[in-house]
Amino acid sequence: DHNLGDGRVLRFDSFSKLLSSGMRLGFVTGPPTLVNRLNLHTQTTNLHASGISQLLAYKLLDYWGLDGFDDHAASTATFYNNRRNVLLSAAHQNLSPDLAEWNIPEAGMFLWIKILNGIHDTKTLVEEKAVDAGVLFVPGQSFCPLNEPSSYVRASYSTASDEDMNVAMERLA
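Residues numbered from 1 in each chain as written. Predicted model: local features only at pLDDT ≥ 70, side-chain atom pairs only at ≥ 80, totals over all residues. Heavy atoms only, no water.

Asks: Talk me through the overall build of the chain; I want residue IDs and the actual numbers.
Replies: Counting its secondary structure elements, the chain contains four helices and six strands. Secondary structure elements of the chain, listed N to C terminal, follow the sequence β-β-α-α-β-β-α-β-β-α. By the compact-globule yardstick of 16 Å for 173 residues, the chain is too spread out, its C-alpha radius of gyration being 20 Å. Structurally, the chain occupies a C-alpha span of about 50 × 35 × 30 Å along its principal axes. For the chain, with 173 residues in total, the buried portion stands at 28%. Counting contacts in the chain only where the partners sit at least 6 residues apart, residues at least 24 apart contribute 55% of the total. Accessible surface for the chain amounts to roughly 11,400 Å². Of this, 54% is attributable to carbon and sulfur atoms. Both charge centroids of the chain, one from 13 positive and one from 19 negative side chains, sit 5 Å from each other. (Helix = DSSP H or I, 4+ residues; strand = E, 2+ residues; numbered from the N terminus. Rg over C-alpha atoms; globule rule 2.2 N^0.38 Å. Buried < 20%, exposed > 50% of the residue type's maximum accessible area, 1.4 Å probe, protein only. Contact = heavy atoms within 4.5 Å. Areas by Shrake-Rupley, 256 points an atom, 1.4 Å probe, with all protein chains shown as cover. Lys, Arg positive; Asp, Glu negative; His and termini not counted. Charge placed at Lys NZ, Arg CZ, Asp CG, Glu CD.)

Below, the structure written as structure tokens:
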């Protein structure tokens, strides 16, 4: 309902995680006045999304219909929930409660892990030690608007194999 927030709420959605990770195609809903302004801004900055991506999304949605899209979205959510559960299991098995803590993600494809034991900056841990150990995480600092140190690391579970996720958690420990 875009009447929330006194008519100033915009919602941004993406097909990137539902149709294809490289698609980079999304849409916005909200009050027409704001959406129209955003559309004008888009036309002056990047013109429009890739024509191929738009055509692919259109053809898929046209072929599936609303029910088919809903089924695909449910299937995709199940896939990512299963991947999440594998990473959570690896984290529980390898990371002691005095080393790290995390919340169970309800959606998405990332687990945010807070490193304890007085570590307030994970940048070196991730960019040097983890890379040297053959593990890829993203330091929390990468997501801070002011580039501030962070005790968090972001682990992706979207494409890693079960074994890779277990090895990653072993090496993080």
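Asks: Account for the sheet that holds strand β5 (residues 138-139), with residues named and values stated.
Replies: Spatially, β3-β4-β6-β5 is the arrangement adopted by the four strands of the open sheet, whose pairing is antiparallel. On the outer flanks of this sheet lie β3 (100-102) and β5, each paired with one strand and no other. (Pairing = 2+ DSSP bridges.)

Asks: Hey, could you go over the layout of surface pockets for me, with residue numbers and the actual values?
Replies: Of the voids in this model, the largest pocket is the one considered here, and its volume is about 470 Å³. Along the wall of the largest pocket there are 21 residues; nearest its centre are G26, F27, V28, T42 and A49. Mapped onto the lining of the largest pocket, the elements with two or more residues apiece are β1 (11-14), β2 (26-29), α1 (32-45) and α2 (51-94). In terms of residues, the lining of the largest pocket owes the most to one element, α1, which gives five residues. The residue makeup of the lining of the largest pocket, split by class, is twelve nonpolar, seven polar and two charged. Around the second largest pocket, the lining comprises 15 residues; the ones closest to its centre are L136, F137, A155, S156 and A160. Going through the elements one at a time, β6 (152-156) and α4 (162-172) are the ones with two or more residues in the lining of the second largest pocket. Counting residues per element, the lining of the second largest pocket draws most heavily on α4, which supplies four residues. In terms of residue class, the lining of the second largest pocket is made up of ten nonpolar, three polar and two charged. (1 Å grid on protein atoms, 1.4 Å probe; cavity = no way out; pocket = protein on both sides within 12 Å on 5 of 7 lines; lining within 4 Å. Points joined across faces, edges and corners; volume = space filled by probe spheres on them. Nonpolar A, V, L, I, M, F, W, Y, C, P; charged D, E, K, R; others polar.)

Asks: So what about the packing of aromatic side chains? Which residues, and what values?
Replies: Enumeration over the complete set of coordinates arrives at four aromatic pairs. Aromatic side chains F15 and F27 sit 5.3 Å apart centroid to centroid with 45° between the ring planes, which places their arrangement in the tilted category. Here the residue F15 occupies a position in the loop between β1 and β2, and F27 occupies one in strand β2, the gap between them amounting to twelve residues. With relative accessibility at 12%, the residue F15 sits in the buried group. With centroids separated by 6.3 Å and ring planes inclined at 80°, the aromatic side chains of F15 and F69 adopt a geometry described as edge-to-face. Taken as a pair, F15 in the loop between β1 and β2 and F69 in helix α2 lie far apart in primary sequence, 54 residues in all. Of the residues examined, F69 reaches a relative accessible area of 16% and is grouped as buried. Among the aromatic side chains, those forming a connected cluster through ring pairs are F15, F27 and F69. (Phe/Tyr/Trp six-rings, centres within 6.5 Å; stacked < 30°, edge-to-face > 60°.)

Asks: Can you tell me about α2, naming the residues and giving the values?
Replies: For α2, spanning 44 residues, the distance from its first C-alpha to its last is only 45 Å, which falls clearly below the expected 64 Å at 1.5 Å a residue. Maximum bend of α2: about 105°, positioned at G65. All of the buried residues along α2 are S53, A57, G68, F69, T76, Y80, R83, R84, L87, L88, A90 and A91. On its buried face, α2 sits against β3, β4 (110-115), β6 and α4. If you check the start of α2, you find a side-chain oxygen 3.3 Å away from the backbone N of I52, and it comes from S50. (Expected span 1.5 Å × (residues − 1). Bend = angle between axes of the 7 residues up to and from the residue. Polar contact = N/O pair within 3.5 Å; in protein donor to acceptor, adjacent residues only side chain to side chain.)

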